[in-house]
Amino acid sequence: MLRFFPVVLAVLGSLIASAAAEDVPRSECLAMANAPPRVTPVGFRQADANTSEVAITYAGHSTYYIDTPGGVRIVTDYNGAYTIGRLPDVVTMNRAHSTHYTLFPDPRIPHVLHGWNDDGGPAKINQLIGDVLIRNVTTDIRRYFGDDPNAEMIKDGNSIFIFEVAGLCIGHLGHLHVKLDDTQFAAIGRLDIAMVPIDGTYTMSLDGISDITRRLRASVVLPMHRFMTPLDEFMRRIGEQFAIDVRTERTLRISRETLPGTPTVIILDGV
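Per chain, residue numbering runs from 1 following the sequence as it is written. At least 70 in pLDDT is required for a residue's local features to be given in this predicted model, at least 80 for side-chain atom pairs to be given and counted, and no such filter applies to totals for whole chains, interfaces and linings, which use all residues. Side-chain measures here rest on the full set of heavy atoms in the structure, leaving out hydrogens and waters.

Caption draft 1: Highlighting the confidence of the model for the chain. In this model, the chain carries a mean pLDDT of 79, and residues with pLDDT of at least 70 account for 72%. Per-residue confidence from the prediction method is given by pLDDT, with values spanning 0 to 100. Each helix corresponds to a stretch of at least 4 residues labelled H or I by DSSP, and each strand to a stretch of at least 2 residues labelled E; elements are numbered beginning at the N terminus. Confidence, read as mean pLDDT per element, is least for helix H1 (residues 5-23) in the chain (43) and greatest for strand S3 (residues 73-75) (98). By the convention used here, residues are in contact when the closest approach between their heavy atoms is within 4.5 Å. The low-confidence segment residues 1-22 (pLDDT under 50) makes zero contacts with residues lying over four places distant or belonging to another chain. Contacts from residues 37-50, a stretch scored under 50 in pLDDT, to residues over four places away or in other chains number 23 contacts.

What follows is the structure in structure tokens.
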């Protein structure tokens, strides 16, 4: 009887490991990025489609509010200054400048996600909250604005946050200082909507961010962190394959079915 005991333990261990693996949220955006090319969605709602919309509202600077069909409210690069309506359920932060984070968020916010790790090493976020999966891809950042390009950087000091909800893959590039390598592009996966800093100085050059935008080739590009950057200059650099859509409202309501057929830069009011 005793000789079967190690076998029983091995089987139990395998079952426990399998159960633990199933508890790890699975990224559909990574799965779709590795799948054959998808059919390009049309730019209108089909009459018989039963879809759920995500509402994305520009609040200011690099802060967008994302309201999911399941009622989860997310705020990107949260610093407490840009408030719209009810308290968010989730806030994400980057620490490049104090305008992108706060160490004293409202204690009633249930989920505060830092794009850095106070204990060193990369932040690792892969969390299912309500109907949205939130994960991150870390990037290096400069220690100070105006640092020499060859100066030592803070490794994994910031994060790109990816929000997967209602069949959409939404990426917030944060206060990006560096070009992305193949490994980072692979870790990001497919993006349907990309929130892109276009200041051209405090983050990275317009040439650099334009290269990244072209390679991501999201269906929708939402500029942020603009300051005085001429929109036509950004559009000229990313190329003619992107259309431009200037809105008079701050909120974009969008679903998988209503993604534009041509990659489009959507300028919400206030940007």
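Caption draft 2: Quick peek at the state of the cysteines. Throughout, disulfides are identified as pairs of cysteine sulfur atoms within 2.5 Å of each other. Under the defined criterion, the tally for this structure stands at one disulfide. Here Cys29 engages in a disulfide with Cys169; their sulfurs sit 2.0 Å apart. Disulfide Cys29-Cys169: torsion about the S-S bond near -105°, hence left-handed. A residue pair is termed long-range when its members are at least 10 positions apart, and Cys29 in helix H2 (residues 28-33) and Cys169 in strand S9 (residues 168-172) qualify at 140 residues.

Caption draft 3: Expanded view of helix H5 (residues 231-238). Throughout this description, buried means an accessible area under 20% of the type-specific maximum (1.4 Å probe, protein chains only), exposed means over 50%, and partly exposed covers the range between. Taken together, the buried positions of H5 are Leu231, Phe234, Met235 and Ile238. Down the axis, H5 shows its buried residues gathered within 100° of arc, on one side only. Seen from the buried face of H5, the exposed residues on the opposite side, beyond 90 degrees, are Asp232 and Arg236. Following H5 by one or two positions, Gly239 has its phi on the positive side, about 105°. In this description, one arc is meant: the one made by directions from the helix axis to the C-beta atoms.

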